[in-house]
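# Results of the structural survey
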Amino acid sequence: MEKLNKYCLRLADNAFILSHRLGEYSSKGPYLEEDLALTNIALDLIGQADALYEYVSKLFNDGRSEDDFAYKRPENEYLNFQIVEQENKDFAYIMVRQFFMDIYNHALYEGLSKSKDPTLSAVAIKSLKEITYHKRRSSEWIIRLGLGTDESKERTQNAIDNLWKFTGELFETDEVELELCRLNVCPDMNDIKKTWTKEVHKIFDFAKLDVPSNNYMISGGRNGFHSEYMGFIISEMQYLNRTYPDAIW
Amino acid sequence: MSIAFAHIKDCIWNILKTIPDPEIPVINIVELGVVRDVDVSKNGVVITITPTYMGCPAMTFFENEIKTNLETLGYKNVKIKKIYTPAWTTDWISDEAKQKLKEYGIAPPVGKSGLKSELFQSNSTSVNCPYCSDSKTRLINEFGSTACKALYHCDSCNQPFEYFKCH
């Protein structure tokens, strides 16, 4: 697989699977406005995924459309991080997962907005405006939950402790990133990691939450190895397309 | 470009100004800044549009509306080109359109677009209530019925309202 193709597919899959997870929570939010907010963020993410799959389809140029990439691949061909596929345990869990990804996406897309690749930079500049809202919103929620009741603090800390092991994968670098970074197509992941760590620590300090000391990390999603939750997403997401091939609405 | 093409172009812009936004029918897609360019040549018509937000579900609606409207009036070979850059901004919404938003009950965007990310909206410009014009308002939620709007509440007239976010 060409390096740029793989890179864009990873970006698209991350936005797509996270969007699906948020969409699943539609009508289950703690109150109506929050329900709207989560689904609006899911919509922004599916918009980003759509633009990226469109580009991926052009890059591969093998006759597969953007919908084919979204709906017709088996689990091991999805290259998203394992953190985005983790199940919706409770609201704190959803917000911590979102917070980690929003801080990450903000730093990453800021870097990508300076990309030498014109399509990636155009998508990044546009997406960054939306990601800025997401980041502010999830940061505010982490602070509210951390400084809220004993229960909200406990649930949030549990979510952080549970999800922390998936954050290492966000900054992994292989020959794809190395080559594209050399060509100024993508930013240096070490810089993204520094920004992410600094910002996460800042908000956790503010919210009186602890940064886990356990640094054992799980990875594999970027290369198609997923957790047990991924198969369920795929089967639900692809059900309609498999039952009614090429349905449009 | 010949005079005839220039005239056709003007006509097309006027037709596009009759297509309302499906969510906010008081403003049209030209005022909203979605239509970026109209190109007329002997090969046909190319309309360049850009999404407000990446996931804007109205994009397909815009494409169909533009095609149907122009084709009904006899234009042939109408093509729609979608672009992402320059990124859509509320700075493109005219003062006249902002006034229409206000009259419709949606507070128009305040100030110029910029990447603000202060927590809890600190230092941000205050939004005036579209009903009583009072500035004693507060943010209820970052997102409203569509991605481009936020939910506010006016503490003066006790009316909840939507704010078209500065983007």
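Remember, predicted model here, so these are calculated numbers, not experimental data.

## Some details on the overall build of chain B
Regarding its fold elements, chain B presents three helices and seven strands. If one aligns the C-alpha atoms of chain B with their principal axes, the spans along those axes are about 55 × 30 × 25 Å. Within chain B, the fraction of its 167 residues that count as buried is 35%. For chain B, long-range pairs separated by at least 24 residues make up 51% of all intrachain contacts whose partners lie at least 6 apart in sequence.

## Some points on the interface of chain B and chain A
Of the residues lining the interface, 19 residues belong to chain B; the matching set on chain A comes to 24 residues. Here the side of chain B that touches chain A is composed, by residue class, of twelve nonpolar, six polar and one charged.

## Here's the deal with unusual backbone geometry
Residue and element names in this part refer to chain B. Residue Thr85 is joined to Pro86 through a cis peptide bond whose omega torsion reads 0°. Assignment of secondary structure puts Pro86 in the loop between β3 (78–82) and α3 (95–104). In this structure, Asn158 takes a positive phi of about 65° despite not being glycine. Mapped onto the fold, Asn158 is located in the loop between β6 (149–154) and β7 (160–164). Among the residues examined, Asn158 registers 10 C-beta atoms within 10 Å and is labelled exposed.

Thresholds, definitions, all that
- Residues numbered from 1 in each chain as written.
- Chains lettered and ligands numbered in written order.
- Predicted model: local features only at pLDDT ≥ 70, side-chain atom pairs only at ≥ 80, totals over all residues.
- Helix = DSSP H or I, 4+ residues; strand = E, 2+ residues; numbered from the N terminus.
- Buried ≥ 20, exposed ≤ 12 C-beta atoms within 10 Å, placed from the backbone.
- Contact = placed C-beta atoms within 7 Å.
- Nonpolar A, V, L, I, M, F, W, Y, C, P; charged D, E, K, R; others polar.

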